[in-house]
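These are the residues of each chain, in order.
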Amino acid sequence: YLSDDRLRMLVSMYANATSDALQNAAATLRANSRGEQELVANSLYEIKNAYQLRFFKTIWESSADSWEKAKKNISISEGGFSWLALDSLRVSNHGRTESYLKTALEHNPKDYKPYCIAAFLDIERDRLVDALKNFENALLLARTGPHKMFLYLLQARIYLLLGNVLKAQDKLNLVLAMDPSCSDALYEDIKLKLKQERDTIALQRLVKLINEDKRYYVAAMIDPDMKNYSKTVDELLKHVMDD
């Protein structure tokens, strides 16, 4: 609910911008800007929600048949060793996580969740290639569309971290083949198109996505992944609001 100019200023401050113009403008911000900066910080994390442990807990046992339903209908866990492993990972107790994962796999070797948790543990330890393998193992056992889409999105993210844009694109294409309306995949696909210098199609799709879901207007404005394309994207956003 903030103005565009104020939101951009807060994002710049949060990113430790150093230009004189920003520093001078920042000095004029009201004393209550601290709460607004916290909102910006939380928003930055929200953009990456689909890759986080808290989202995994949301769709943990979801039986929803679509991505958007899985996101809205929080599943209820009945506990178990996988849940204990996830909770141990949440508090960074890696030793206990491994112990619970071993027991979980012994009790139910056909459950996708322990492999997914093991992949998150690999990411924590900066073992991205191992994480890809564990996500692949999880995919072999996942039964619902949203669970598979979640795993493909995570693989796409890892491939981006590894610098393999083509592989990341392949994984996003699999998500969109399953659900062409998956907003998280559409947004990531737009950023990949910009990275591949396919600006025209990327901007067309961004306009369409914003028209369907206004939250992506703010996402495009503050997303660090958009920083290299800020001039082009900002110009587009101004036209979107004018229209």
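For the structure itself, look to the data block above.
The structure reproduced in this document is the subject of the present report.

Cut-offs and rules
Residues numbered from 1 in each chain as written. Predicted model: local features only at pLDDT ≥ 70, side-chain atom pairs only at ≥ 80, totals over all residues. Heavy atoms only, no water. Core = buried A, V, L, I, M, F, W, Y, C linked by side-chain atoms within 4.5 Å. Buried < 20%, exposed > 50% of the residue type's maximum accessible area, 1.4 Å probe, protein only. Helix = DSSP H or I, 4+ residues; strand = E, 2+ residues; numbered from the N terminus. Contact = heavy atoms within 4.5 Å. Axes fitted to C-alpha atoms, helices over the stretch in contact; angles between N-to-C directions. Parallel < 35°, antiparallel > 145°, perpendicular 65-115°, else oblique. Left-handed = near helix turned anticlockwise from the far one by under 90°. Nonpolar A, V, L, I, M, F, W, Y, C, P; charged D, E, K, R; others polar. Phe/Tyr/Trp six-rings, centres within 6.5 Å; stacked < 30°, edge-to-face > 60°. Lys NZ or Arg CZ within 6 Å of the ring centre and 35° of its normal.

What about the nonpolar core?
Okay, so step 1: Core analysis: the largest hydrophobic core is formed by 45 residues, its most contacted members being Phe56, Trp67, Cys116, Ile117, Phe150 and Leu151.
Okay, so step 2: Contributing elements (two or more residues each) for this core: helix H4 (53-58), helix H5 (67-72), helix H6 (81-90), helix H8 (112-124), helix H9 (128-141), helix H10 (145-161), helix H11 (165-178) and helix H12 (183-195).
Okay, so step 3: In terms of residues, this core owes the most to one element, H10, which gives nine residues.
Okay, so step 4: Setting aside residues no more than four positions away along its own chain, Cys116 makes contact with Phe56, Phe135, Ala138, Phe150 and Leu151.
Okay, so step 5: Ranked by size, the runner-up nonpolar core spans 23 residues in total, among them Ala219, Met221, Val233 and Leu237.

Points about the packing of H6 against helix H7 (residues 94-107)
Okay, so step 1: Put simply, H6 and H7 touch, their axes get as near as 8 Å, and they point 165° apart. Relative to H7, the element H6 is oriented roughly antiparallel. The element H6 and its partner H7 pack so that their crossing is left-handed. Here Phe81, Ser82, Leu84, Ala85, Ser88 and Leu89 of H6 lie close against H7, whose contacting residues are His94, Arg96, Thr97, Tyr100, Leu101, Thr103, Ala104 and His107.
Okay, so step 2: For the contact of H6 with H7, the per-class residue count stands at seven nonpolar, six polar and one charged.

Re the environment of Leu162
Okay, so step 1: As for its position among the elements, Leu162 is in the loop between H10 and H11.
Okay, so step 2: The partly exposed category is assigned to Leu162, whose relative accessible area is 42%.
Okay, so step 3: Between the C-alpha atom of Leu162 and that of Val129, which follows or precedes it by 33 residues, the distance is 8.8 Å.
Okay, so step 4: Leu162 has contacts with Leu128 and Leu132, leaving out every residue within four places of it along the chain.

Remarks on the packing of aromatic side chains
Okay, so step 1: In this structure the tally under the stated criterion is 10 aromatic pairs.
Okay, so step 2: Ring centres 6.4 Å apart and planes at 35° place the aromatic pair Phe81 and Tyr100 in the tilted group. Placement of Phe81 in helix H6 and of Tyr100 in helix H7 is noted, with a sequence separation of 19 residues between them.
Okay, so step 3: Exposure remark for Phe81: the relative accessible area of 33% places this residue in the partly exposed category.
Okay, so step 4: Residue classification places Tyr100 among the partly exposed residues on the basis of a relative accessible area of 23%.
Okay, so step 5: Through successive ring pairs, a cluster of aromatic residues spans Phe55, Phe56, Trp60, Trp67, Trp83, Tyr112, Phe120, Phe135 and Phe150.
Okay, so step 6: The residue whose ring lies beneath Arg157 is Tyr51, and the NZ or CZ to ring-centre distance is 5.6 Å.

Just geometry here; none of it tells us what the structure is for.
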